[in-house]
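Here is how the chains run, residue by residue.
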Amino acid sequence: MTTCQNPTTNGTEKPAHSTAYLTQLNICLLYAYTMIHSLFYTLGWVLLVTVISSIIRAWIDRWKLRAIPSVGYSGVLTSYLGAIQFSRKGHELIQEGYEKYPGTAFKVPMLFKWLIVINGPKMLDDIRRAGPDEVNARKALAEIVSSKYTMGPEIQEDYYHVAAVRSPLTKNLATRFADVQDEIACAFDDFIPRTEEWTKVPALSTAMHIISRTSNRLFVGLPLCRNLDYLRLNEEYAKNVMDAGLKITLFPSFLMPLAAYFFSTLQKSLNQSTSHLGSIIQDRLDKEREYGPDWPEKPNDLITWLLSEAPSELKTVRDVTLRVLAVNFAAIHTTSLAFTHALYDLASRPSYVTALREEVESVIEEDGLNKLALGKMRKLDSFIKESHRLGPTGALVVDRKILKDFTFSNGVVIPAGYAIAAANAATNCDDANYPNAREFDGFRFSKMRESEGEGIKHQMVSPNLNYLSFGTGRYICPGRFFAVNELKAMLAYVLLKYDVKVEDGKRPKDAWFGRMSMPNLTASVMFRRRT
Ligand code: HEM
Ligand SMILES: *[C@@H]1O[C@H](CO)[C@@H](O)[C@H](O)[C@H]1NC(C)=O
Ligand SMILES: *[C@@H]1O[C@H](CO)[C@@H](O)[C@H](O)[C@H]1NC(C)=O
């Protein structure tokens, strides 16, 4: 202090200024240092808390799930290796567990948690009978994709969009069939030239464009169903939800809102979608307010069906827009993957073409082309079902969250809080369920329908514990009637109008990513006008 106040050096302006400047700089540096320090300090704590809590969690899991055998690495620390192993060959691990532990349950390590696979029809039947307060599919999906942050928190509060698909949408398939058929024809003509020369067409991306257009003809009608920006945003929505969901679930739950702030694309999708749907939905809400729920000339589409199921407090532009996105999410990719598999199968197995064409043509000759006629195309149904059996959406299906400790009829107990699922691909490839299960037999199911005299048991939409593509029980896919109709109408169109083949005669190979399976994403199919 004294040195500073040395009376012999009269403080001039200059040094005073530079001291002030230096002090300011120092304060800034100190401030920055403190900020960085406290940031690292906080991050350090967050990391430590996260690591300790996940180790404790791993020990608790190990104790609570000790009765359930595991496949892959399974120690408290090695289970993290197991998670990496799962992301690389999850499909093989599930297959291994399926063969090793028939009729019971086994667990596989995922990052930060275990997934329990229930094995065999008995356990599935127990799940089917369980109430939603014990065993819940929506809570499982909500966790997988962090739906609160990626699809909107209101989706979890009310599932009226599921009711809208299950009931009014499905009931209107016959009435709206002509529109869907018209869109299939227009979309194929736009995307796949009918020329005498062979044209190479990328299968999956083209299937997706045709399917998003066709589905949205049913959902929102013309002209919006042909708006490229609207279609693109709906095609991308599922990918955005999955990507953001995957990132957000890597964080411990107390950090998820922060992660969502950085990764969620919900607001962007919602904005874009609202720019197309906002005024349409607002108009419906206004008309309903003015004339009551059954105003004349009300369009017969998804928006109407949603409003017929929505509780009054959720009848808002935002909420209905979120539901249209959610239904597109459930519909577009699933159906596009299934169609791509069917197309690869048709193009690489020319021996099926004649019989399929004969069936399609003779049914149309008798009944015309409508929903009832599609119902009579059993060989076509069988072919698509067989294609989907060997090209399912993944190794696992029937994801459920256990909400109360649940005891299966075989005595296995799954404690509350854990996630379960059933083996999909392994069930489909089990010789006990399907003779020569790994062989493609396009008319497998239509032959079963003939020989067993069964009208509907073996058709693609019928629930069956050995065919889990659409799930089971109260949560079974409500869109499956539409999906199968659309798939059949599309493949029938291909059969009637085009010849197809694969370039080198070989069916493009499927690929696996963790639990997911995909047909080759980039391969092409050759098309030309039918001769
Ligand atoms: C080939 C195409 C499709 C496949 C493979 C498929 C598969 C599935 C599966 C496995 C589930 C879960 C069932 C369970 O956990 O038990 C599901 C649920 C659902 N699907 Fe599909 N789906 C397809 C097409 C569609 C379409 C076209 C729509 C809409 C029009 C749709 C709407 C839904 C909805 C809303 C749910 C949720 C059901 C609930 O929460 O209760 N799906 N789907
Ligand atoms: C969404 O729209 C709102 C209002 O128009 C705007 O304030 C917001 O920045 C937009 N958000 C994104 C992510 O586009
Ligand atoms: C998919 O098909 C493309 C084009 O035919 C090929 O180059 C690629 O190797 C295939 N991918 C897989 C995983 O088989």
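Computed from a predicted model, the values in this text were never measured in an experiment. (Residues numbered from 1 in each chain as written. Chains lettered and ligands numbered in written order. Predicted model: local features only at pLDDT ≥ 70, side-chain atom pairs only at ≥ 80, totals over all residues. Heavy atoms only, no water.)

1. As for the nonpolar core
To keep things clear, this is the line we draw: Buried residues of nine kinds, namely Ala, Val, Leu, Ile, Met, Phe, Trp, Tyr and Cys, make up a nonpolar core once their side-chain atoms join them within 4.5 Å. Buried residues are those whose accessible area, probed at 1.4 Å on protein chains only, stays under 20% of the maximum for their type, while exposed residues exceed 50% and partly exposed ones sit between those limits. Comment: elements are numbered from the N terminus, with helices defined as DSSP H or I runs of at least four residues and strands as E runs of at least two. The contact rule is simple, with two residues in contact once any of their heavy atoms fall within 4.5 Å.
Judged by nonpolar contacts, the single largest core of 82 residues is most densely connected at Leu 169, Phe 188, Phe 219, Phe 339, Leu 346, Leu 380 and Phe 527. With 12 residues, the single largest contributor to this core is helix α14 (residues 317-348). Look past the residues within four positions of Leu 380 in its chain and what remains in contact with it is Leu 356, Glu 359, Val 360, Lys 488, Leu 491, Ala 492 and Leu 495. In this structure, Ile 116, Ile 118, Val 398 and Ile 414 belong to the second largest nonpolar core, which totals 22 residues.

2. What to know about the site of ligand 3
Inclusion rule: When at least one non-hydrogen atom of a residue lies within 4 Å of a molecule or strand, that residue is treated as near it. Two N or O atoms form a polar contact when they lie within 3.5 Å of each other; inside protein one atom must be a possible hydrogen donor and the other a possible acceptor, and for residues adjacent in sequence the pair counts only when both atoms belong to side chains. Only the protein chains shown count as covering a residue, and every accessible area follows the Shrake-Rupley method with a 1.4 Å probe.
If you check the shell around ligand 3, you find Asn 520, Thr 522 and Ala 523 and nothing else. At 2.4 Å, a side-chain N or O of Asn 520 approaches an oxygen atom of ligand 3. For ligand 3, whose accessible area on its own is 360 Å², the fraction buried by protein is 35%.

3. Digging into unusual backbone geometry
With an omega dihedral of -5 degrees, the bond running from Leu 222 to Pro 223 counts as a cis peptide bond. One non-glycine residue, Val 398, adopts positive backbone phi at about 55 degrees. The residue Val 398 is located in strand β5 (residues 396-402) in this model. Despite not being glycine, Asn 436 shows a phi value in the positive range, around 50 degrees.

4. What about the pattern of salt bridges?
To keep things clear, this is the line we draw: By convention in these notes, a salt bridge is any Lys or Arg side-chain nitrogen within 4 Å of a carboxyl oxygen on Asp or Glu.
Scanning all chains against the criterion turns up 38 salt bridges. The residue Asp 182 makes a salt bridge to Arg 217 at a minimum N-O spacing of 2.9 Å. Pair noted here: Asp 182 is in helix α8 (residues 177-191) and Arg 217 is in helix α9 (residues 203-219), with a separation of 35 residues, a long-range link. With relative accessibility at 7%, the residue Arg 217 sits in the buried group. Two residues, Asp 441 and Lys 447, come together in a salt bridge whose shortest N-O distance is 3.0 Å. Given a relative accessible area of 42%, Lys 447 falls into the partly exposed group.

5. A word on α9
Formally: In this scheme, a helix's expected span is set at 1.5 Å multiplied by one less than its residue total.
Taking 1.5 Å per residue as the helical rise, α9 with its 17 residues ought to reach 24 Å, and the 24 Å between its terminal C-alpha atoms agrees with that figure. Counting buried positions over the 17 residues of α9 gives 15, a clear majority of the element. A positive backbone phi angle near 75 degrees is found at Gly 221, which sits one or two residues after α9.

6. Quick look at the coordination of the iron atom of ligand 1
Counted only if it meets this: Any N, O or S atom lying within 2.8 Å of the metal counts as a donor, and for Na, K and Ca the limit rises to 3.2 Å; water is left out, so some sites can look incomplete.
Inspection of the coordination sphere of the iron atom of ligand 1 shows a single protein donor, Cys 477 (SG), at 2.2 Å. With respect to the element layout, Cys 477 can be found in the loop between α19 (444-451) and α20 (480-497).

7. Quick notes on the packing of aromatic side chains
Let me state the cut-off plainly: Pairing of aromatic rings covers Phe, Tyr and the six-membered ring of Trp, with a centre-to-centre limit of 6.5 Å; geometry is then stacked below 30 degrees between planes, edge-to-face above 60, and tilted otherwise. In our convention, an over-ring charge means Lys NZ or Arg CZ found within 6 Å of a ring centre and within 35 degrees of that ring's normal.
Under the defined criterion, the tally for this structure stands at 15 aromatic pairs. Between Phe 188 and Tyr 493, the ring centres sit 5.3 Å apart and the planes meet at 35 degrees, which makes this aromatic pair tilted. Residue Phe 188 is found in helix α8, and its partner Tyr 493 is found in helix α20; the two are separated by 305 residues along the sequence. Through a chain of ring-to-ring contacts, the aromatic side chains of Phe 188, Tyr 493, Tyr 498 and Phe 527 assemble into a single cluster. The ring centre of Trp 63 lies 3.7 Å from the NZ or CZ of Arg 66, which sits over that ring.

8. A closer look at the sheet that holds strand β12 (residues 524-529)
Inclusion rule: Being paired, for any two strands, means DSSP has found at least two bridges between them. All axes are obtained by fitting lines to C-alpha atoms, using only the stretch in contact for helices, and the reported angles, taken between N-to-C directions, cover 0 to 180 degrees.
Ordered in space as β4-β12-β9, the 3 strands form an open sheet in which the pairing is antiparallel. This sheet does not close on itself; its edge strands, each paired only once, are β4 (199-202) and β9 (498-501). When strand polarity is set aside, the average angle formed by the axes of neighbouring strands in this sheet is 35 degrees. Bridge analysis of β4 against β12 gives 4 bridges, and the strand direction is antiparallel. The residue bridging Val 201 from the neighbouring strand is Val 525, located in β12. Contacts from α20 reach β9 and β12, with the element oriented near 100 degrees to β9.

9. Comments concerning the site of ligand 1
To be explicit about the condition: Residue classes follow a fixed rule: Ala, Val, Leu, Ile, Met, Phe, Trp, Tyr, Cys and Pro count as nonpolar, while Asp, Glu, Lys and Arg count as charged, and any other residue, Gly among them, counts as polar.
For ligand 1, the set of nearby residues contains 23 residues, the closest of which are Arg 138, Arg 400, Thr 472, Tyr 475 and Cys 477. Side-chain polar atom of Arg 400 to an oxygen atom of ligand 1: 2.7 Å apart, as the coordinates give it. Those elements that provide at least two residues to the shell around ligand 1 are α7 (160-171), α14, β5 and α20. Looking at the shell around ligand 1, the element that brings in the most residues is α14, giving 5 residues. Classifying every residue of the shell around ligand 1 by side-chain character gives 14 nonpolar, 7 polar and 2 charged.

10. Describing the pairing of strand β2 (residues 113-118)
Regular strands show a simple pattern: their side chains alternate between the two faces of the sheet. With respect to burial, β2 is a largely interior element, 5 of its 6 residues being buried. Relative to β2, strand β1 (residues 105-110) runs antiparallel, the two sharing 6 bridges. Looking at β2, one finds that Met 110 is bridged to Lys 113. Count of turn residues in the β1/β2 antiparallel hairpin: 2 residues, of which Phe 112 carries a positive phi of about 70 degrees.

11. Some thoughts on the UniProt feature "binding site: heme" (unreviewed entry) in the protein
Put simply, the test is: UniProt positions are given in the numbering used here, feature names are shortened, and annotations may be inferred rather than shown by experiment.
According to UniProt, the feature "binding site: heme" (unreviewed entry) maps to Cys 477 in the numbering used here. In this structure Cys 477 comes out as partly exposed when scored by relative accessible area, which is 26%.

12. Things to note about the sheet that holds strand β3 (residues 135-136)
Pairing is mixed in the open sheet, where 5 strands are placed in the order β1-β2-β8-β5-β3. Of all strands in the sheet, those with a lone pairing partner are β1 and β3, marking the two edges. The pairing of β5 with strand β8 (residues 419-423) spans 4 bridges and is classified as antiparallel. In the sheet register, Leu 396 faces β8, and the bridge partner there is Ala 423. Sheet strands touched by helix α2 (residues 78-100): β1, β2, β5 and β8. Its angle to β1, the strand with the most contacts, is close to 150 degrees.

13. Comments concerning a nonpolar patch on the surface
Worth spelling out the cut-off: Within the patch definition used here, like charges are joined within 9 Å and nonpolar side chains (Val, Leu, Ile, Met, Phe, Trp, Tyr) within 5 Å, considering only residues with over 30% relative accessible area and no salt bridge.
A surface patch of nonpolar side chains, amounting to about 810 Å² of accessible area, comprises Tyr 41, Trp 45, Leu 48, Val 49, Ile 52, Ile 56, Ile 60 and Phe 254. Of note, Ile 52 is situated in helix α1 (residues 13-64).

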